[in-house]
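# Survey of secondary and tertiary structure
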Amino acid sequence: MKISFYVLSESKAQDFLGFICQLTQTALNKSAQSLLILIEDETLLANLDTALWAQDSTSFIPHQCLSDNDNKSTDDRGTDDSNIATHKSLAPVLLGNHMPADFNGIVLNTTTRPVNDFMAATNNSKPSRVLELIRPDATSTQEGRNKYKAYQQLGYDLTHFKV
C-alpha cells in the first residue's frame, strides 16, 4: 500500500476544508477508484459535507455520508447484506468514521489513528492508497510521526509532500 503524507503549511492548514476539497478533486481526476474520507470529528464532517457541495461554482464533488449503521453487518432482525452490496453503488466520495466492508479505493485520513486501525475493524478492506494530512501544530506533527512509524513497520511505501 502506498501512503502519502501531506505536511500542510500554515496557510493550507487555515483553509483545511479547501485543501481537503482540492485534494479530493485531484484524486478523483487521477483515478477511477472511490475515495473514502475518514473523519471522526462530527463538526468537521458536517462542514466538509457542505464544502464539497459548494467547492467551486463550476464543479461539484459527488459524495455521500456513511451512517454509523453502515459498518454493521447485522441488526435486530438478523443479517443485513444490503449495506455491504450497496457500497459498490455509492457516490465516488464517501465521508465517514469507519471503512465500509470490501473497500479497496483511496483513503484520505483526517483522524489521529492509522488506517490499519479501521481496516482491522472491517471485512476485507484493503485500500490501494492512503493520503495522510499533517497540520503544522505540535499535536498533529506528533500524531503524524506515530502513523509514519506504524506504516514503516508494516513495510508500506511512504512518501511525503510539503504543501
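Refer to the preceding data block for the structure.
A few points on the structure. Just so we're clear, the structure is a prediction, and the values are computed from it rather than from any experiment.

### Digging into the pairing of strand β1 (residues 2-7)
By the bridge criterion, six bridges tie β1 to strand β8 (residues 129-134) in an arrangement that is parallel. Counted as the bridge partner of Ile3 is Val130 from β8. In this structure, β1 lies alongside strand β9 (residues 157-162), joined through six bridges in parallel fashion. What sits directly across from Tyr6, in β9, is Phe161.

### Let's talk about the environment of Gly18
Structurally, the position occupied by Gly18 is in helix α2 (residues 16-30). In sequence terms Gly18 and Ala51 are 33 residues apart; their C-alpha atoms lie 7.6 Å from each other.

### Quick notes on the environment of His98
Here His98 shows up in the loop between β6 (93-96) and β7 (106-109). Residues His98 and Met119 lie 21 residues apart in sequence; the distance between their C-alpha atoms is 8.7 Å.

### A few points about the packing of aromatic side chains
Tallied over the entire structure, the rule returns five aromatic pairs. Ring pairs connect the aromatic residues Phe5, Tyr148, Tyr151 and Tyr156, which therefore count as one cluster. Cation over ring: Arg135 sits above Phe16, and NZ or CZ is 3.5 Å from the ring centre.

### Quick word on the sheet that holds β6
Pairing between sheet strands relies on hydrogen bonds along the backbone, with the strands arranged either parallel or antiparallel. Within the open sheet, the seven strands sit side by side as β3-β6-β2-β7-β8-β1-β9. Their pairing is parallel. Bordering the open sheet on either side are β3 (63-65) and β9, each of which pairs with just one other strand. Strand after strand, the sheet turns through a mean of 20° between neighbouring axes, direction not considered. As paired strands, β3 and β6 are joined by three bridges and run parallel to one another. Residue Cys65 lies in a different strand from β6, and its bridge partner there is Leu95. Packing against the sheet, helix α3 (residues 42-53) makes contact with β2 (35-38), β3 and β6, and its axis sits at approximately 160° to β6. Relative to the sheet, helix α6 (residues 138-153) contacts β1, β7, β8 and β9, its axis offset from that of β8 by approximately 155°.

Conventions used here
Residues numbered from 1 in each chain as written. Predicted model: local features only at pLDDT ≥ 70, side-chain atom pairs only at ≥ 80, totals over all residues. Heavy atoms only, no water. Pairing = 2+ DSSP bridges. Helix = DSSP H or I, 4+ residues; strand = E, 2+ residues; numbered from the N terminus. Phe/Tyr/Trp six-rings, centres within 6.5 Å; stacked < 30°, edge-to-face > 60°. Lys NZ or Arg CZ within 6 Å of the ring centre and 35° of its normal. Axes fitted to C-alpha atoms, helices over the stretch in contact; angles between N-to-C directions. Contact = heavy atoms within 4.5 Å.

Interpretation in functional terms is not warranted from these geometric data alone.
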